[in-house]
Amino acid sequence: MLIDLLNSSNYIMVNMDAIHTFGLNTAVYCSALLNIYKKAVTKNKLYNETYFKIDREYIKKQTSLEIEEQLKCDINLRKVNIIKQ
């Protein structure tokens, strides 16, 4: 429905400095990862108290970033040590 397009529960927050530093796609992807990380911590789903499993289809649904673009974002975030493989 049209109302769902404007519903605030479907918003994602993206840091403007991250957009300027990494580009829009990587900033959006990073925001999605941080949201997933918070949920993983809350649900006690971290591996080795640090890592969590990424569901690329879920991220695609949340951000519209195709898997290939997500992998490019991974490379960008690894370069600055925000994520590890």
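Given the structure is predicted, the values throughout are model-derived calculations rather than measurements. (Residues numbered from 1 in each chain as written. Predicted model: local features only at pLDDT ≥ 70, side-chain atom pairs only at ≥ 80, totals over all residues. Heavy atoms only, no water.)

Caption draft 1: View of the side chain of Ser31. The topology assignment puts Ser31 in helix α3 (residues 24-42). Residues contacting Ser31, with those up to four places away along its chain left out, are Ile12, Met13 and Val14. (Helix = DSSP H or I, 4+ residues; strand = E, 2+ residues; numbered from the N terminus. Contact = heavy atoms within 4.5 Å.)

Caption draft 2: Region of interest: the packing of helix α4 (residues 56-63) against helix α5 (residues 67-79). Across the interface, α4 lies against α5 with an axial gap of 10 Å and an inter-helix angle of 100°. Comparing the axis directions of α4 and α5 gives the class roughly perpendicular. Between α4, through Arg56, Glu57, Ile59 and Lys60, and α5, the contact on the second element is made entirely by Ile67, Gln70, Leu71 and Asp74. Residue classes in the contact of α4 with α5 are distributed as 3 nonpolar, 1 polar and 4 charged. (Axes fitted to C-alpha atoms, helices over the stretch in contact; angles between N-to-C directions. Parallel < 35°, antiparallel > 145°, perpendicular 65-115°, else oblique. Nonpolar A, V, L, I, M, F, W, Y, C, P; charged D, E, K, R; others polar.)

Caption draft 3: Quick look at the pattern of salt bridges. For the coordinates displayed, the defined rule picks out 2 salt bridges. For Arg56, the salt bridge is made with Asp74, and the minimal N-O distance between the two is 2.6 Å. Placement of the pair is Arg56 in helix α4 and Asp74 in helix α5, with a sequence separation of 18 residues. Judged by its relative accessible area of 3%, Asp74 is buried. The shortest N-O distance in the salt bridge between Glu66 and Lys60 comes to 3.2 Å. (Salt bridge = Lys/Arg side-chain N within 4 Å of Asp/Glu carboxyl O. Buried < 20%, exposed > 50% of the residue type's maximum accessible area, 1.4 Å probe, protein only.)

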